[in-house]
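Residues per chain are reported as follows:
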Amino acid sequence: MDKKMCNINKNFDSEPGESTELEEAELNNRIFSVESDDELPVLAQNDQENPVIWLNDEDLDLETVNINSFFHRVDSDQIIYQTKKKRLKMIGKYVMGDLLGEGSYGKVKEMLDSETLCRHAVKILKKHKLRRIPNGEQNVQREIKLLRTLRHKNVIKLVDVFYNEEKQKMYLIMEFCVGSLQGMLESTPTKKFPLFQAHGYFLQLIDGLEYLHSKGIIHKDIKPGNLLLTLEGNLKISDLGVAEALDLFAADDTCYTSQGSPAFQPPEIANGLEAFSGFKVDIWSSGVTLYNITTGKYPFEGDNVYRLFENIGKGDFTVPEDIDCTLQNLINGMLRKDPGDRFSIKQIRQHDWCIRKPSKCGQAVPIPPLRGDEFHSITVLPYLMEHYYECQGSDDGEYEYYTERQLNEERRKSERPHHQLYEKSAHNNGRAHVSSQSTKRRWPKPISCISVNKFPGCKQS
Amino acid sequence: MVTYQPDNSYYKKLSILGECCNGLAIVYLAKHVPSQKLVALKKFNMDKAKHANLIQQEVILTRQLQHSNILPYFVSYVIDQEVCVISPLMEFGSCRDLLNTHFIEGLPESAIAIIIKDVLEGLDYIHKKGFIHRALRASHILISQTGHVCLSGLRYSCPIIYNGKWQKQIHSFPESTMENLNWLGPEVLEQNLQGYNEKSDIYSIGVVLCELANGTEPFAGMPITLMLIEKVRGAAPQLLDSATIPIEENDEINGYTLNQANRRFSEGLHQIAALCLQREPSHRPSASQLLTHSYMKVHRRGLSLPHLLKPAIPLSDKVAYNPDEVADLETIQRLNDLEISSYEWNF
C-alpha cells in the first residue's frame, strides 16, 4: 500500500537508508580536486594513474576512448568528507542533540535538560514550513493549547515551549520517546506484533483515548505512527495537531471536519458526511490500528485516495482467517460501518479479548536501533564532550577529514555491534589529520559522494 | 512502649533542626509531651510541594519497611496544609551535618567502616523488599546518640516489582531527583534502553564512601553536564589520601589540604570503594556480598561510634532548646505565606 496514504509519520521511525536530510545536515562533503593537494598532501597519491583526457566533440568515438577517461574515475580514497563539529547548542536550559525523526512540519531532535539531566524530545517547527501545510499554524497553536491541559500516563506530555522570532522557529519540548509503533512494525518482516504485545499496547491506547474523550478531545489521527513508546515501554498518544476540543457546552460530540490519515478514516468521513460523531472516529481509527498491528495489513486499501475512500465507504472488509474469533469479534465491533452500532470505549474495555490477556508466546518486537545504536543512548553526549574536552584546543582542526574508503571500511566494521562509542580519548590531538585508525568514531553514512541538495519540488509535504 | 498520637497538641516544638527537600519541609526538635521524649517532627508544606505523591510514597513506604537501620516513622498526620511526620530523634544528625560542622576533610576511617556497614544492612533489606533507594547520600544517613545508624530519604525510591514481576531493568528517571544527581550511577543517568537495577545503589554507596572520607562528594561543584559525561566515560571517583592525591613537582597539592594529602586510608576501604564504583553494574557486588567482605568484619571491635565522632556532641534538650527561634520562624513563614496580590477575576 502506498505509504502516503497511511500518512506514515517519519517521526522516530529509524530507517537507516532513508533519512536523507540528516546526513545533509551532518556532513558537508567535498571533492577535492588535484590542485587541492597543498591543503591535504595525503590525497594526491595515485592521480598519475588516471590523467584527465580532454575530448573534442568531433573526435568522439566511444569505441576508442577508454570509458574511464571519459567519466573521470575518482578513487574512493580521493573523496573527502568533512565532519561538521558537534557544536553545543542550547535552547534555554536544554542542550540540543541529534535528529530523532522528521515530519512535514520540521524536525524532531533530542534534548537534554542541563539541570535535571532528563532526556526530552523537541519538535522544531519552522514558520515557513508550517505555512505550506493547510491550517499548519493553527494546528500547532491548538496542539500546544490542548497538550498544556492534559496529564495522563498514555498521552504525550508537553514540557516546555520556546519561540525564536529571529529564526522563525518554534520549539515544543516533549517527553522523550524511543520509537513509534509504526517504526517497530516496519522493522519486522511480518509487519505485526505477537498478540500479547499488541494486547498491551491496545489497552494503553484505550486508556489514553478514554482520558482524551473524557476531556472532550477527539484525536482524529490515531494510527501506529502517532503511538510512541517511552523507555519504560509506556505507550503515549502523540501528535494532537489535528485534534479537536469539543466546546464545554456542546450537546454531543458532533464534528464537522477531519484531517486525519486517509487509511484510518471511517466510512462517514470517506462518504463525505457533513456531521459525524467525533468519538466514533477515534474508535474506528483505533480499530484500524488494532487490525494493522495484529495482522500486518490494512482492512481497506486502494490505489489512490479515491479508491481507498470508495472501499472504506462501502465498509466491507475481511479479517484474516488465522485471527482468533474473539479478536475478530472486537475488530468487527470497532469497524462497524454505522457509527451508532460501533463499539463504545466501555464496550471495548469489557470485551473478552481485552479482559483476557493472551499468553506470552513468541518474541516481542524490540524497538529498532537508532542509527545503529540498539540502546538509544543519549545523543547529546558527543556535543557535551566536544564542548568540555575539545574546546581548549587550538582553533585550527575545526574539522575532521576522512575519505570514502575509510567510510566504507567503517561501514563494514559497524555491521558488528559496537559498545565503546564513548571511549574517545579526551586528548585527541590528531583531529586535523586523515587518521586511518580512528575507529572509535561513528561515521555518519553519506548518501552519495557528491553533495546533492534536495530537489525542492519532490518533497513529500 | 510509648504511643505517639497523630495530633499536633501532643508535640511541643523546641527548635529547628534544619530544612530538607529544598525548603519543602522543616525538621523540628520536638518533645512528646506525655512521655517527655524528644522526637524529630518533620513538617512538609504541601502548598509548596510540586511532587506531592513523592511525600505520600515516602510515608507509605517508610511505614511498610521494618528494619533497625531504616529510620522509622512513628506516626504521621495532616494539619492545615501541612503533613507532619514524627520520627525518633537522631541526635548526631545526618552524616552531612557532621561533615559540615566537625569533619570538613572527612570522617575518620573507623567511623566510616561502622557507618557503611549499617547502611549496607539497611540497603540489603530494602533491595530484598524489592525497592531501589536511588538517593543514598550522606544527608540521608542519620546517627543516633548511641551510634545507631539509620537510612532515610525513601522519597526517591522506586519499586523493582512491577505488574507482579521482578523487573530485570528499571527505566524511570524522576525529574525530581535533581539534588541526587552526583550520587547516581552512570547507567541511571544514561536513560537508555539498557536501564538499571539495584546495583545502581551500590555505585551510590561508593560515592557515599568518597563523600564520607573526603568531606565532599565527588563531582561537587562541577557543571552537572560535565559530571554526566565524566561518569559515562567511566571516570571513577576516588578516596583522597596520599595514595591518590597527585603530588606536583614543587610539592604542591592543588586544592587539597595537607591533612588529606598525608593521610592513608586502608587498602580494604580503597578496595570496597573501587568495587562499588565500577562502570559496569553487573561487576559491582550486591549489598549482601559487600557485607561478607573481610573489611566489614575487621573494624567491629574498638571504639564506639559516638566516641569516634568527637568533638561532635549529640543533641539534647539542654543544647538545643530555643523556643524564640521557633516562634521567629513561624512568624516569618506566616508572613511569607500571605498572598499580597489581590484576586483576579477572569471571565
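Up top you'll find the structure we're talking about.
Residues numbered from 1 in each chain as written. Chains lettered and ligands numbered in written order. Predicted model: local features only at pLDDT ≥ 70, side-chain atom pairs only at ≥ 80, totals over all residues. Heavy atoms only, no water.

Chemist: Requested: an account of the overall build of chain B, with residues and values cited.
Modeler: Looking only at helices and strands, one finds 13 helices and 12 strands in chain B. Just so you have it, chain B exposes about 16700 Å², and 52% of that area is on carbon and sulfur atoms. (Helix = DSSP H or I, 4+ residues; strand = E, 2+ residues; numbered from the N terminus. Areas by Shrake-Rupley, 256 points an atom, 1.4 Å probe, with all protein chains shown as cover.)

Chemist: Outline the packing of aromatic side chains, listing residues and values.
Modeler: Tallied over the full model, the rule gives nine aromatic pairs over all chains. Ring geometry for F193(A) versus Y201(A): centroids 5.3 Å apart, planes at 70°, classification edge-to-face. Comparing F193(A) with Y201(A), the two get one shared label, buried. Between Y11(B) and Y77(B), the ring centres sit 6.2 Å apart and the planes meet at 10°, which makes this aromatic pair stacked. Pair noted here: Y11(B) is in strand β1 (residues 11-20) and Y77(B) is in strand β4 (residues 75-79), with a separation of 66 residues, a long-range link. Taking relative accessible area as the criterion, Y11(B) reaches 7% and is therefore assigned buried. Of the residues examined, Y77(B) reaches a relative accessible area of 7% and is grouped as buried. (Phe/Tyr/Trp six-rings, centres within 6.5 Å; stacked < 30°, edge-to-face > 60°. Buried < 20%, exposed > 50% of the residue type's maximum accessible area, 1.4 Å probe, protein only.)

Chemist: Give me the lowdown on the pattern of salt bridges, citing residues and values where you can.
Modeler: The full count for this structure, using the stated rule, is 23 salt bridges over all chains. Residue E244(A) is joined to K220(A) by a salt bridge in which the shortest nitrogen-to-oxygen separation is 2.6 Å. Here K220(A) lies in the loop between β10 (217-218) and β11 (227-229) and E244(A) lies in strand β13 (residues 244-245), a separation of 24 residues in the sequence. Pair check on accessibility: E244(A) and K220(A) agree, each one buried. Of the charged contacts, one joins E82(B) and K43(B) as a salt bridge, the two residues approaching to 3.3 Å between their closest N and O atoms. (Salt bridge = Lys/Arg side-chain N within 4 Å of Asp/Glu carboxyl O.)

Chemist: Can you lay out the environment of L147(A) for me, pointing to particular residues and giving the numbers?
Modeler: Residues and elements named next belong to chain A. Looking at where L147 falls in the secondary structure, it is placed in helix α5 (residues 136-149). By relative accessible area, which is 2% here, L147 ends up buried. Taking the C-alpha atoms as reference points, L147 and S238, 91 residues apart in sequence, are found 9.5 Å from one another. Leave out the neighbours within four places in its chain, and L147 touches I156, L158, M174 and L240. (Contact = heavy atoms within 4.5 Å.)

Chemist: Pulling in residues and values, what's your account of the sheet that holds strand β2 (residues 25-32) of chain B?
Modeler: Residues and elements named next belong to chain B. Here we have five strands laid out as an open sheet, ordered β1-β2-β3-β5-β4, and antiparallel in their pairing. Each edge of the open sheet carries a strand with a single partner, namely β1 and β4. Ignoring strand direction, the axes of neighbouring strands in this sheet form an average angle of 25°. Relative to strand β5 (residues 82-88), β4 is paired through five bridges, and the arrangement is antiparallel. Bridge pairing links Y77 to C84 in β5. Each of β3 (37-45), β4 and β5 touches helix α1 (residues 52-64); the most contacted strand, β3, lies at about 150° to it. (Pairing = 2+ DSSP bridges. Axes fitted to C-alpha atoms, helices over the stretch in contact; angles between N-to-C directions.)

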